[in-house]
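If you want the building blocks of each chain, they are given just below.
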Amino acid sequence: MAEVIRMPKMSDTMEEGVIAAWLKKEGDEVSSGDVLAEVETDKATMELESYQDGVLLHIGVKEKESVPVDGVLAVIGEKGEDFKHLLEEAKNGQSNGNESESGDEDKKQKSSGEKIDTSNINASIIRMPKMSDTMEEGVIASWLKKKGDKVESGDILAEVETDKATMELEAYEDGTLLYTAVEAGSGVAVDGVIAIIGEEGADYETLLKAEEQGGSEPEEKKEEEIEKPEKPQSTSSSAPAATPQPSTSSNNGRIKASPLAKKIASEKGIDLSQVNGSGTDGRIVKKDVEDFTPSAQPQSSASGDQPAVNIPQVVGEEHSEKVDLSQMRKVIAKRLSDSKFAAPHFYLTMEINMDKAIEARKSMNEVAPVKISFNDMVIKAAAAALRQHPDVNVSWMGDHMMKHSHIHMGVAVAIPDGLIVPVVRFADNKSLSHISAEVRELAQKAKDKKLQPEEFSGNTFTISNLGMFGIEEFTAIINPPDACIMAVGGIKETVVVKDGEMYAGNVMKVTLSCDHRAVDGAVGSAFLKTFKELLEDPVRILI
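Residues numbered from 1 in each chain as written. Predicted model: local features only at pLDDT ≥ 70, side-chain atom pairs only at ≥ 80, totals over all residues. Heavy atoms only, no water.

**Quick look at the overall build of the protein**
Here is the rule: In this text, helices come from DSSP runs of H or I with a minimum length of four residues, and strands from runs of E with a minimum of two, each type numbered from the N-terminal end. Here a residue-residue contact requires only that any non-hydrogen atoms of the pair lie within 4.5 Å. Under the convention used here, a 1.4 Å probe and the Shrake-Rupley method define accessible areas, while residue burial counts only the protein chains that appear.
Broken down by element type, the protein carries ten helices and 26 strands. Residue pairs at least 24 apart in sequence account for 62% of intrachain contacts in the protein once pairs closer than 6 positions are excluded. Counting only carbon and sulfur atoms, one obtains 50% of the accessible surface of the protein, whose full area is about 31100 Å².

**Overview of the sheet that holds strand β12 (residues 156-161)**
So the rule is basically this: Pairing between strands is defined by DSSP: at least two bridges between them are needed. Axis geometry follows a simple rule: fit a line to the C-alpha atoms, using only the stretch in contact for helices, then measure angles between N-to-C directions, giving values from 0 to 180 degrees.
Spatial ordering of the open sheet is given by β13-β12-β10-β15, a layout of four strands whose pairing is antiparallel. Every interior strand has two partners, whereas the edge strands, β13 (166-170) and β15 (187-189), have only one. When strand polarity is set aside, the average angle formed by the axes of neighbouring strands in this sheet is 40°. Relative to β13, β12 runs antiparallel, the two sharing five bridges. In the sheet register, Val160 faces β13, and the bridge partner there is Met167.

**What about the sheet that holds strand β11 (residues 150-151)?**
A sheet is described by the order of its strands in space; here four strands give the open sequence β9-β16-β14-β11, paired in antiparallel fashion. Here the strands that pair on one side only, and so sit at the sheet edges, are β9 (123-127) and β11. Pairing geometry for β11 and strand β14 (residues 175-180), over two bridges, is antiparallel. Residue Lys150 lies in a different strand from β14, and its bridge partner there is Thr176.

**With respect to the packing of helix α8 (residues 374-388) against helix α10 (residues 521-536)**
To keep things clear, this is the line we draw: For this classification, under 35 degrees means roughly parallel, over 145 means roughly antiparallel, 65 to 115 means roughly perpendicular, and everything else is oblique. Crossings are assigned a handedness: left-handed for a near helix turned anticlockwise from the far helix by less than a right angle, right-handed for a clockwise turn. Ten residue types, Ala, Val, Leu, Ile, Met, Phe, Trp, Tyr, Cys and Pro, are classed as nonpolar, four, Asp, Glu, Lys and Arg, as charged, and the remainder, Gly among them, as polar.
Packing of α8 against α10 brings their axes to within 9 Å, and their N-to-C directions diverge by 135°. With respect to α10, the element α8 is oriented oblique. At the point where α8 passes α10, the crossing takes the right-handed sense. Residue-level contacts link Met377, Val378, Ala381, Ala382, Ala384, Ala385, Leu386 and Gln388 of α8 to Phe527, Thr530, Phe531, Leu534 and Leu535 of α10. Considering only residue class, the contact of α8 with α10 consists of eleven nonpolar, two polar and no charged.

**Some remarks on the pairing of strand β24 (residues 461-465)**
This is how it is decided: Throughout this description, buried means an accessible area under 20% of the type-specific maximum (1.4 Å probe, protein chains only), exposed means over 50%, and partly exposed covers the range between.
Taken across its five residues, β24 has five buried, putting it largely inside the fold. In β24, alternate side chains face the same way, and those of Phe461, Ile463 and Asn465 on one face and Thr462 and Ser464 on the other are all buried. The sheet contact formed by strand β20 (residues 409-411) and β24 spans three bridges and is parallel. Looking at β24, one finds that Met409 is bridged to Phe461. Taken together, the four bridges between β24 and strand β25 (residues 484-498) define a ladder with parallel strand orientation. Bridge assignment links Asn465 to a residue of β25, and that residue is Val488.

**Considerations on the state of the cysteines**
Our working definition: For this text, the term disulfide refers to a pair of cysteine sulfurs within 2.5 Å.
Summed over all chains, the structure comprises zero disulfides. The thiol sulfur of Cys484 is not disulfide-bonded, and the nearest other cysteine sulfur, from Cys514, lies at 3.8 Å. Accessibility expressed as a relative area gives 0% for Cys514, which makes it buried.

**Some points on the pattern of salt bridges**
Cut-off, in case you're wondering: A pairing counts as a salt bridge when a side-chain nitrogen of Lys or Arg comes within 4 Å of a carboxyl oxygen of Asp or Glu.
This structure, assessed with the given rule, holds 21 salt bridges. Two residues, Lys334 and Glu15, come together in a salt bridge whose shortest N-O distance is 3.8 Å. Within this pair, whereas Lys334 is found in helix α6 (residues 327-342), its partner Glu15 is found in the loop between β1 (3-6) and β2 (16-22), the two being separated by 319 residues in sequence. Residue classification places Glu15 among the partly exposed positions, given a relative accessible area of 47%. For Lys445, the salt bridge goes to Glu455, with nearest N and O atoms at 2.9 Å. Remark: Glu455 occurs in the loop between α9 (432-447) and β24 and Lys445 occurs in helix α9; sequence separation between them is ten residues. Among the residues examined, Glu455 registers a relative accessible area of 16% and is labelled buried. The structure contains a network of salt bridges with shared partners spanning Glu15, Lys334 and Asp338.

**Re α8**
The cut-off we apply is this: Expected span of a helix: the number of residues minus one, times 1.5 Å.
In this model α8 runs 21 Å from its N-terminal to its C-terminal C-alpha over 15 residues, within 8% of the 21 Å that 1.5 Å per residue would give. Of all 15 residues making up α8, twelve are buried, and the element is well covered by its neighbours.

**Considering the environment of Glu473**
Along the chain, the position of Glu473 falls in the loop between β24 and β25. In this structure the C-alpha to C-alpha distance between Glu473 and Val488, which are 15 residues apart in sequence, comes to 7.1 Å. When near neighbours in sequence (up to four residues on either side) are disregarded, Glu473 contacts Thr349, Lys509 and Thr511.

**Re the packing of aromatic side chains**
Rule in force here: Ring geometry is summarised as follows: Phe, Tyr and Trp rings, the Trp one being its six-membered ring, pair when their centres sit within 6.5 Å, and such pairs are stacked at plane angles under 30 degrees, edge-to-face over 60 and tilted between the two. Note on geometry: a ring has a charge over it if NZ (lysine) or CZ (arginine) is within 6 Å of the ring centre and within 35 degrees of the ring normal.
In the structure shown here, the tally under the stated rule is three aromatic pairs. Ring pairing ties together the aromatic residues Phe461, Phe527 and Phe531, which thus form one cluster. One Lys or Arg, Arg361, reaches over the ring of Phe374 and ends 4.6 Å from the middle of that ring.

Okay, structure coming up:
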């Protein structure tokens, strides 16, 4: 009987996998234990084995395509067997949820009735623009126009306070301010309704009802509104273009210019006080700044004795490239975001004198079968300290904690796709040489994407070391479900004071990030104190 082969969950954090390569093709004979494909997960490239004998009747996914956990990969059965009903059943099972959601949407649309026709209403909705890349809402600091006022294109309707600055909201059409949605001091989400401008007496209430129902404004109209600021502000086609009004200032000395004109002038290094405005009341618009040349600068009577400064324009090309996220990067983003925002982190930093550790390492490497690094000594000392402070060797599980008697040290390793944490199991029972050889082997496997699940899972404590990059001190995000992670900086030669005397010494800073739900400050501090004592007198590590 034919069987559907689904994407297995190959790690505790895996949500989808990518078919790196198919090692069997449709029609091939397959035996139990044969490798069907190589699957790239968030942590490694692993083999997908067949658990039954038969013929590979169907392959449902191409190479390099991603499949969610439990998604259909293939069908194995007897030669010539009909398997289409299995695919239909699998498809129906996956789409039930989507069908119910779409059904709900249909009901909502039906219950809301037909859309309101607003094509005959000569008015437009003014929405909150996105004035910065991080802006989510703006606050109306003050209205410069009130309901019933005549408005011309280029007039300032209001001052809007964003997350970065207070900016001007400009009108892009002529008409009457028929409606204001909020009072000064109130916030409006990006794309939220701020006001309505149109011909006097226009039925703006129907326009608001249509907006509440789901919006009925044609896209073409919105695009025209966006383009309007670039049109000339003059209402008379016979007016001469060569007679712009000189730029004027408001009573408080502020130069009248549109936000876009200010932005362009700032980028080009142009002094707006030297630019003639062609807008209403001498207002400077985009075209005025773009057409401005230094030779056209009027001489200032107040500062005629000061030489003009010409700022050269910087010529360059903006270029950005879309980078698709790898499976590993997606999982790193999700897990660390969950950890940072869910776990209440606190940090403990301690400075450690490494003079004796440097001497001990030099002596050890004279006889050690493999080269021992400072990171190996940190792993061993941390494992020994955990043995003395078991309350740090815990995992937070939501409604309970797991207190571990075993000590499995996770060691963060940087690879091209991101970050992975191989695990040195029972680290407190292993020699420094053993730890050194194992860490090297695991790091190489991580870079080759050949780690097995048991090699990157089960950690009870994690170490992240950036000392080799010249980083003196940093904080790390806890690697769940661990309750702690230790960030290790580089060894720095500095002045050390001991017994009132100064001498040159070598110090290293470590920062312990703790999940306050599981580990308290006193517990973490006691652990760090023991860790410091072990590294400052490395002979104790061997006991």
